[in-house]
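Notes for the structure review
The primary structure of each chain is shown beneath.
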Amino acid sequence: MSKLYQLAEAYHNIEEAIETANDAEQWSTALAEVKDATEVKICSIAAIVKNLKAEYAIFKAEADRLAAHARAIDTRMDWLKVYIKQNMEKIGITKTANGPHKVRIQDNSIAALVVTATVPAEYMKVTLIMRGDHVTSEMQPYVAHSEINNTAIRDAIDAGIDISFARLEKGDHIVIS
């Protein structure tokens, strides 16, 4: 069986031959045969597309199911770690071992920045973002985006400057090995 592009090319060639031939009826029969073969080929390819679409839906649904299951496991893991940590702190231990399992409470290496009030302008970072390619004369070509400058606040706290709107908190976490 011919390929679709070959059938389309043959159809085009027969159409050109009909325009220049004296015996158009002979070519008309050939044109009808090629057209029928082309339609059969197109429908066969359409069937493949439908099968692939159905297969895609099955794989997509399975991927979504597995992603939801992974999120549930991750949430359960986080809850169990918090549960362990709370109970270790309650009885005053920082590490324990039983058989192959070792559990300890370890300090975080970097303190978290906690913002408790409105941040002054000198501790804000402003970034100009260019709008889309289609800018009209009434619109500004850039949009100002401001965000908290965490580095400046951390540097100020480290330098001993009294910052009333933020603080560094050194936390801890559970390590299971």
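The model shown is predicted, which means the values in this text are computed figures rather than measured ones.

This paragraph deals with the overall build of the protein. Each helix and strand in the protein was counted, giving three helices and seven strands. Computed over the C-alpha atoms, the radius of gyration of the protein is 35 Å, more than 25% above the 16 Å expected from 2.2 N^0.38 for a compact globule of 177 residues. Across its three principal directions, the C-alpha atoms of the protein cover 100 × 65 × 20 Å. Residues counted as buried form 13% of the 177 residues belonging to the protein. The contacts of the protein with a sequence gap of at least 6 include a subset with a gap of at least 24, amounting to 58%. Averaged over its 20 positive side-chain charges, the protein has a centre that lies 17 Å from the centre of its 25 negative ones.

So, about the nonpolar core. Core analysis: the biggest nonpolar cluster contains eight residues, these being Leu-113, Val-119, Tyr-123, Ile-153, Ala-156, Ile-163, Phe-165 and Ala-166. Those residues within four positions of Tyr-123 in sequence are excluded, and the remaining contacts are Ile-148, Asn-149, Ala-152, Ile-153, Ala-156, Ile-161, Ile-163 and Phe-165.

This brings us to the sheet that holds strand E7 (residues 172–176). Sheet architecture is open: three strands sit in the order E1-E2-E7, paired in antiparallel fashion. The open sheet is flanked by strand E1 (95–98) and E7, the only strands paired with a single partner. Strand after strand, the sheet turns through a mean of 15 degrees between neighbouring axes, direction not considered. Looking at chain direction, E1 and strand E2 (residues 101–107) are connected through four bridges and run antiparallel.

So, on to the side chain of Lys-85. Structurally, the position occupied by Lys-85 is in helix H2 (residues 24–91). The class for Lys-85 is buried, based on a relative accessible area of 19%. Side chain to side chain, Lys-85 and Asp-172 meet in a polar contact 2.8 Å long. If near-sequence neighbours (up to four positions away) are discounted, Lys-85 is found in contact with Ile-105, Asp-172, His-173 and Ile-174.

Turning our attention to the pattern of salt bridges. Taken as a whole and judged by the stated rule, the model has six salt bridges. Here Asp-172 makes a salt bridge to Lys-85, at a shortest N to O gap of 2.8 Å. Of this pair, Asp-172 sits in strand E7 while Lys-85 sits in helix H2, placing them 87 residues apart in sequence. Via salt bridges that share partners, Lys-85, Glu-89 and Asp-172 belong to a single interconnected network.

Time to look at a nonpolar patch on the surface. Side chains of Val-126, Leu-128, Met-130 and Tyr-142 sit close together on the surface and give an oily, nonpolar patch of about 460 Å² of accessible area. In terms of residue count, the dominant contributor to the nonpolar patch is strand E4 (residues 124–130) (three residues). Note on placement: Met-130 falls in strand E4. Residue Met-130 is classed as exposed on the basis of its relative accessible area of 57%.

Compared with the 24 Å implied by 1.5 Å per residue over 17 residues, the 25 Å span of helix H1 (residues 4–20) between its first and last C-alpha is a close match. Listed in full, the buried residues belonging to H1 are Leu-7, Ile-14 and Ala-17. When H1 is viewed along its axis, its buried side chains cluster within an angular range of 80 degrees and face the same direction. Exposed residues pointing more than 90 degrees away from the buried face of H1 are listed as Tyr-5, Glu-19 and Thr-20.

Next up on the list: the packing of aromatic side chains. Throughout the structure, instances matching the rule amount to two aromatic pairs. Centre to centre, the rings of Trp-79 and Tyr-83 are 5.1 Å apart; their planes meet at 10 degrees, and the pair counts as stacked. On the criterion of helical spacing, the pair formed by Trp-79 and Tyr-83 is a turn pair, its members being four residues apart in helix H2. Taking the relative accessible area as the measure of exposure, Trp-79 reaches 46% and is therefore partly exposed.

Okay, the confidence of the model for the protein next. Averaged over all residues, the pLDDT of the protein equals 87, while 92% of them reach at least 70. Highest mean pLDDT in the protein belongs to E2 (95); lowest belongs to strand E5 (residues 142–148) (80).

Cut-offs applied
Residues numbered from 1 in each chain as written. Predicted model: local features only at pLDDT ≥ 70, side-chain atom pairs only at ≥ 80, totals over all residues. Heavy atoms only, no water. Helix = DSSP H or I, 4+ residues; strand = E, 2+ residues; numbered from the N terminus. Rg over C-alpha atoms; globule rule 2.2 N^0.38 Å. Buried < 20%, exposed > 50% of the residue type's maximum accessible area, 1.4 Å probe, protein only. Contact = heavy atoms within 4.5 Å. Lys, Arg positive; Asp, Glu negative; His and termini not counted. Charge placed at Lys NZ, Arg CZ, Asp CG, Glu CD. Core = buried A, V, L, I, M, F, W, Y, C linked by side-chain atoms within 4.5 Å. Pairing = 2+ DSSP bridges. Axes fitted to C-alpha atoms, helices over the stretch in contact; angles between N-to-C directions. Polar contact = N/O pair within 3.5 Å; in protein donor to acceptor, adjacent residues only side chain to side chain. Salt bridge = Lys/Arg side-chain N within 4 Å of Asp/Glu carboxyl O. Patch = residues over 30% accessible without salt bridge, like charges linked within 9 Å, V, L, I, M, F, W, Y side chains within 5 Å. Areas by Shrake-Rupley, 256 points an atom, 1.4 Å probe, with all protein chains shown as cover. Expected span 1.5 Å × (residues − 1). Arc of directions from axis to C-beta. Phe/Tyr/Trp six-rings, centres within 6.5 Å; stacked < 30°, edge-to-face > 60°. pLDDT = per-residue confidence, 0-100.

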